[in-house]
Amino acid sequence: MSTVTQDHQAAPPSALSQRRPLGDRSFQTLALAAGLLVLVILVLIAVSTSQQASSWFSHEGTKIFSKTWNPAAGQFGALSFIYGTAITALIAIVLSVPVSLGIALLLTEVVPRRWSRPIVSVIDLLAVVPSVVWGLWGILVFAPWIQHIYASIGSGVTGVPVLGPLFGAPTSGASFFTAGIILAFMITPIITSLSREVIATVPSIDREGAYALGATRLEMIRGVVMPHSQGGIVGAVLLGLGRAMGETIAVALVIGASATITPHLFAPGYNMPSVIANEFGEATGVFRAGLMGLGVLLFVFTIILNVVARWIVARSARRGRGA
Amino acid sequence: MAAVSTGQPKADLREPASWRRTKNRITTVLMVLSLVVVIIPLGFVLYTVIAKGASAISWSFLTSSIPPSVLPVGIGGIGPAVVGTLEITGLATVMAVPLGILGAIYLNEYGGRGPLARFIGVMADVMTGVPSIVMGLFIYSIWVLHFGYSGLAGAFALGALMLPIVIRSTDEMLRLVPDSLREGSYALGATKARVTLTVVLPAAVGGIVSGALLAVARAAGETAPLLFTILAVTSVNTNVFSGPNTSLPSQIFANASSPYVGAQGRGWGAALTLIAIAFILMIVARVITARFAKYTR
Amino acid sequence: MRYPHVHRVTAVAVTIGVTALSLAACSSPAKPGPGSSSQLSGTLNASGSTFQLTFQQAAIQTFKSVQPSITVNYGGGGSGKGRTDLSSGTVGFAGSDSPIPSDEMSNFKGKTVLYFPVIIGPITVSYNLSGHTSLKMTPTVIADIFQGKITKWNDPAIAQINPGAKLPSTPITIARRSDSSGTTANFSLFLQDAVPSVWKLGSSSTINWPASSRGGDGNGGVAQIIKSTPGAIGYVDYADAKASGLTYASVQNAAGDYIAPSVAGATAAAQQATVASNLTFAAVWAHNSSTAYPITYQSWDLVFAKQSSKKTADLLKAYLGYLLGNGQQLLTSLSYAPLPANIDAKAKAQLSKITS
């Protein structure tokens, strides 16, 4: 998202080109076609997947949002997967946003220029780890290890009013919470780098003004950086949320594959992308259409999130420049 | 404000009150802590992958065929997966990078501030957020159902994933090329296509190539788009256009659910290979940006 | 030439493109050996039952020395996936641990499917409880555990049949299949046959398991859950359980004896099965044998009777014939039970029904 907006519409002098050469015109058509390809693909995605999912929509009608997903009995209500998607993404955001903002602020306000390169490299390295490697590590190393922590917490809070239902026993290493943690690792680079870009647009004048008035760094951040960047940061968080909702493989390996709606975060769960990944291969008929339908829902949710996020960022960038 | 030397304690008026200072310090500590919180799992993952994968890696591991899961590490390897990843990602790159560059050229050179170009720009950004599994379902619906599983279908899915990334990074690079270059060429009588191809692109080529390499690194590590398009098999398929295929991420995914130590060990080895590939691509991209990119932010 | 620069660039680009594409597309098919007319060549794709997976992987390797130019791919994925792939024409044969259920019959559009039984084996009730290596289970207790009615290891019902074992209060974690599975179908069939008044979840490739249970992908996935989770219990086929080093329970059979899973127990059970004319049968809950292991099951390779080409028909006959012939000798070393002789003979005779 560059803030440079040059307009490269300088045209060749008209005396030389009453009619532009064929090569020039066909190149322009080619470039236009490539650009339109983006729109074509998006439309095709929407159309083809919805068409494949149509038998699910007609079979279930409004019951597509019911709680029961039981292929053996021909019931395909999607609510438990929507719930799982929302919960894991929420856990990821709650864990990741403070950390990402902390790092972004560290890079822009605290650390001298010389040191920012290695830190940015660390963040890039975090971003380059493929999802499947997170999943492999997650299920073979992380989940068995964290199961012990869950078990201690679980035995400690069982029976306590609010914490009990959330964190009580029985606990499972492969659960909503573990998936949320792994997702948090995966979306931190995105939120960090986007926040950094937004925070970097704060005018130095405002920063220096705050310091000149005797503000500490924290006060400067709260008084100058945050008001200026909050729109952009919200946008960055929404983009991270979208990514967390769509992340498939790492979640499929560590979420525990149990379609249930429960506040119990240490219990095995399921979400939309992982059920599609796990069960698509063997599904037929309405079952397959149902999984396609989950894909359609996922597509729609993430498109909406992305559009809203970019609108918020653009709007706050416009405001910031105007100020 | 000069300190008045009347015996008053110095620094009173210039230092913030101690409570404000403490809050400030706590915040700084928290910020550093958040960096630490991120470095620890990253280090843990990399350490585990290297420790468990290094013992599996060898030239024969990278070229031998995939053995039954039960067999221990040391027998067989992941050769077909390496071949598959190279073929499928290569084909996806060949399709997505030129189209992405052309798309960015449209956005930057021809479309300008027109409504269509702005709409396409927004949609390209939005498309980077489409989950990779949806790309897989999409290619399954329009291609696999009619033409069967193949490396080509997988390449389509990966290419669709790479396209918006390449468009976006190329677009940024093209914006950075100063207008003076373009205007000078026009002044010499060149057509727009010629200017773009012979002046603007070469000026931005460093950044464009490094952006493309990062897109390739991302695509090489993707599993979800390949799930329903290549039908992961365990034998090598050198024909990327027909017949099921496999890839490193697909193999790792399969081995991650295996109870056999041998299969898990091969999974770690494949994970190390995959991270090494992505890492090398990232380093090469950085080097190209540092040494060859004429215009950077 | 007016634009030599452009022509040069185009030429280079085209050359690179063509080279890359042709490198990607170049295939090197295996050439058949010289002077051997019975040597076939080609690729056979299959998927399905993970119960068969270990056997298939081993057989594919040894088959290469019989027919070096035939490549067989067995993808696993569960019995449900196999049947789906077969009905959509993606594979040449499918491994399935149960006959095609009635709600899937419409996918096969009236085409005749042949069932070739290839292996027999026990389903173990494997668990992870340190210090307890020889627990006994009755069908009632198993049913209550897997329905979530028994939630701790020191439940009186378990203690009663295991006197002397000091069971801990560890909570029980149920490990079951997340994919559509013939192992699930046969395990639930066993519970339905043995204790129909206790087992309420029916018998099918997918079951509505209790919400706190964990799903694994394939027999291997369930084995992995059990192995890594103290207090876990699940159903895994014997070959995978043994190769993963799991501990399994001795189960009470119809005659009242507690039998540990073994090749001999499976063979005894299979011999009691009634075989239908299309070679389907069910080996679970065998009656009239005191040595039979009660949760024994079988797996078939499903093939369309009418193939689209003679070549595919020949490949299928060659490979399936091998599985029914010399391939059976691989079974005991892999912890499966070979087919009883009469079933094997009937299956071999059925090979001639594959036509093109």
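Each value, and the rule that gives it
- Residues numbered from 1 in each chain as written.
- Chains lettered and ligands numbered in written order.
- Predicted model: local features only at pLDDT ≥ 70, side-chain atom pairs only at ≥ 80, totals over all residues.
- Heavy atoms only, no water.
- Helix = DSSP H or I, 4+ residues; strand = E, 2+ residues; numbered from the N terminus.
- Buried < 20%, exposed > 50% of the residue type's maximum accessible area, 1.4 Å probe, protein only.
- Contact = heavy atoms within 4.5 Å.
- Salt bridge = Lys/Arg side-chain N within 4 Å of Asp/Glu carboxyl O.
- Polar contact = N/O pair within 3.5 Å; in protein donor to acceptor, adjacent residues only side chain to side chain.
- pLDDT = per-residue confidence, 0-100.
- Buried area = accessible area lost by both parts, 1.4 Å probe.
- Nonpolar A, V, L, I, M, F, W, Y, C, P; charged D, E, K, R; others polar.
- Pairing = 2+ DSSP bridges.
- Axes fitted to C-alpha atoms, helices over the stretch in contact; angles between N-to-C directions.
- Left-handed = near helix turned anticlockwise from the far one by under 90°.
- Expected span 1.5 Å × (residues − 1).
- Core = buried A, V, L, I, M, F, W, Y, C linked by side-chain atoms within 4.5 Å.
- Phe/Tyr/Trp six-rings, centres within 6.5 Å; stacked < 30°, edge-to-face > 60°.
- Parallel < 35°, antiparallel > 145°, perpendicular 65-115°, else oblique.

Outline the overall build of chain C, supporting the account with residue identities and numerical values.
Scanning chain C for helices and strands turns up 11 helices and 12 strands. Residues counted as buried form 55% of the 356 residues belonging to chain C. A sequence separation of at least 24 residues applies to 74% of the contacts in chain C between residues at least 6 apart.

Any chance you could break down unusual backbone geometry for me, citing the residues and the numbers?
Residues and elements named next belong to chain C. The backbone of Leu279 sits at a positive phi, close to 70°, despite the residue not being glycine. Positionally, Leu279 belongs in the loop between α9 (263–271) and β12 (296–304). Given the relative accessible area of 4%, Leu279 is considered buried. Positioned with a positive phi, Trp285 is a non-glycine residue whose angle comes to about 50°. By secondary structure assignment, the location of Trp285 is in the loop between α9 and β12.

Summarise the interface of chain A and chain B; cite the residues concerned and give the values.
Facing 89 residues of chain A, the contacting portion of chain B comprises 91 residues. At the surface where chain A touches chain B, the tally comes to 3 salt bridges. The interface formed by chain A and chain B contains 11 residue pairs in polar contact (both at pLDDT 80 or more). Here the side of chain A that touches chain B gets 19 residues from one element, more than from any other, and that element is helix α1 (residues 22–60) of chain A.

Break down the confidence of the model for chain C for me, with residues and values.
Detailed conclusions should not be drawn from predicted coordinates in areas where pLDDT is low. All names here are of chain C. In the predicted model, chain C carries a mean pLDDT of 87, and the fraction of residues at 70 or more is 89%. Least confident of the elements in chain C is helix α1 (residues 4–25), whose mean pLDDT is 49; most confident is helix α4 (residues 139–146), at 96. The ipTM, which scores confidence in the relative placement of chains, is 0.89 for this predicted complex, and the corresponding pTM is 0.87.

Outline the interface of chain C and chain A, listing residues and values.
Contacts between chain C and chain A engage 21 residues on the former and 22 residues on the latter. Of the roughly 1700 Å² buried between chain C and chain A, counting both surfaces, carbon and sulfur atoms make up 49%. Seen at the junction of chain C and chain A, the total is 0 salt bridges. Where chain C packs against chain A, one counts 3 residue pairs in polar contact (both at pLDDT 80 or more). Among the secondary structure elements, those contributing two or more residues to the side of chain C that touches chain A are α3 (79–87) and β7 (214–216) of chain C. The element best represented in the side of chain C that touches chain A is α3(C), accounting for 4 residues. Of the residues contributing to the side of chain C that touches chain A, the split by class is 2 nonpolar, 13 polar and 6 charged.

Tell me about the sheet that holds strand β10 (residues 250–252) of chain C, and name the residues and values.
All names here are of chain C. With respect to topology, 3 strands assemble into an open sheet ordered β5-β10-β11, the strand pairing being mixed. The sheet is open, and its two borders are formed by β5 (136–137) and β11 (258–259), each paired with just one other strand. Taken together, the 2 bridges between β10 and β11 define a ladder with antiparallel strand orientation. Bridge pairing links Gln252 to Tyr258 in β11.

Provide a residue-level description of the packing of helix α7 (residues 179–187) of chain B against helix α8 (residues 192–220) of chain B, including the pertinent values.
All names here are of chain B. Taken N-terminus to C-terminus, the directions of α7 and α8 make an angle of 145°; their axes are 10 Å apart at the nearest point. Taken as a pair, α7 and α8 cross one another with a handedness that is right-handed. Each of Leu181, Arg182, Ser185 and Tyr186 in α7 lies in contact with α8, whose residues at this interface are Lys192, Val195, Val199, Val200 and Ala203. For the contact of α7 with α8, a count of residues per class yields 6 nonpolar, 1 polar and 2 charged.

Go over helix α6 (residues 151–176) of chain B, please, and point to the residues and values.
In a regular helix each residue adds 1.5 Å, so 26 residues correspond to 38 Å; α6(B) covers 37 Å between its end C-alpha atoms and thus fits that length. Burial analysis of α6(B) places 21 of its 26 residues in the buried class, which makes it a mostly covered element.

So what's going on with the nonpolar core? Which residues, and what values?
Counting residues in hydrophobic clusters, the biggest one holds 194 residues, and the most contacted among them are Trp134(A), Trp137(A), Ile276(A), Leu291(A) and Leu294(A). Leu291(A) has contacts with Trp69(A), Val275(A), Ile276(A), Glu279(A), Phe280(A) and Ala283(A), leaving out every residue within four places of it along the chain. Counting 99 residues, the second largest nonpolar core, distinct from the first, contains Ile70(C), Leu114(C), Ile161(C) and Phe187(C).

Tell me what's going on with the packing of aromatic side chains, and back it up with residues and numbers.
All names here are of chain A. Under the defined criterion, the tally for this structure stands at 43 aromatic pairs over all chains. Arranged with centres 4.9 Å apart and planes meeting at 85°, the rings of Trp69 and Phe81 form a pair that is edge-to-face. Taken as a pair, Trp69 in strand β1 (residues 69–70) and Phe81 in helix α2 (residues 79–110) lie far apart in primary sequence, 12 residues in all. Residue class for Trp69 comes out buried when judged on its relative accessible area of 9%.

Outline helix α7 (residues 218–228) of chain C, supporting the account with residue identities and numerical values.
Counting buried residues along α7(C), 9 of its 11 residues qualify, which places the element largely inside the surrounding structure. Those residues of α7(C) not exposed but buried are Gly218(C), Asn219(C), Gly220(C), Gly221(C), Val222(C), Ala223(C), Gln224(C), Ile225(C) and Ile226(C).

Before we move on, could you go through the packing of helix α2 (residues 53–66) of chain C against helix α10 (residues 310–324) of chain C and cite the residues and values that matter?
All names here are of chain C. Where α2 meets α10, the axes come as close as 11 Å, and the angle between the chain directions of the two elements is 115°. When the axis of α2 is compared with that of α10, the two are roughly perpendicular. Here α2 runs over α10; the crossing is right-handed. Of the residues in α10, those touching α2 at Phe55, Gln56, Ala59, Ile60, Thr62, Phe63 and Val66 are Ala318, Tyr319, Tyr322 and Leu323. Split into classes, the residues belonging to the contact of α2 with α10 amount to 9 nonpolar, 2 polar and no charged.

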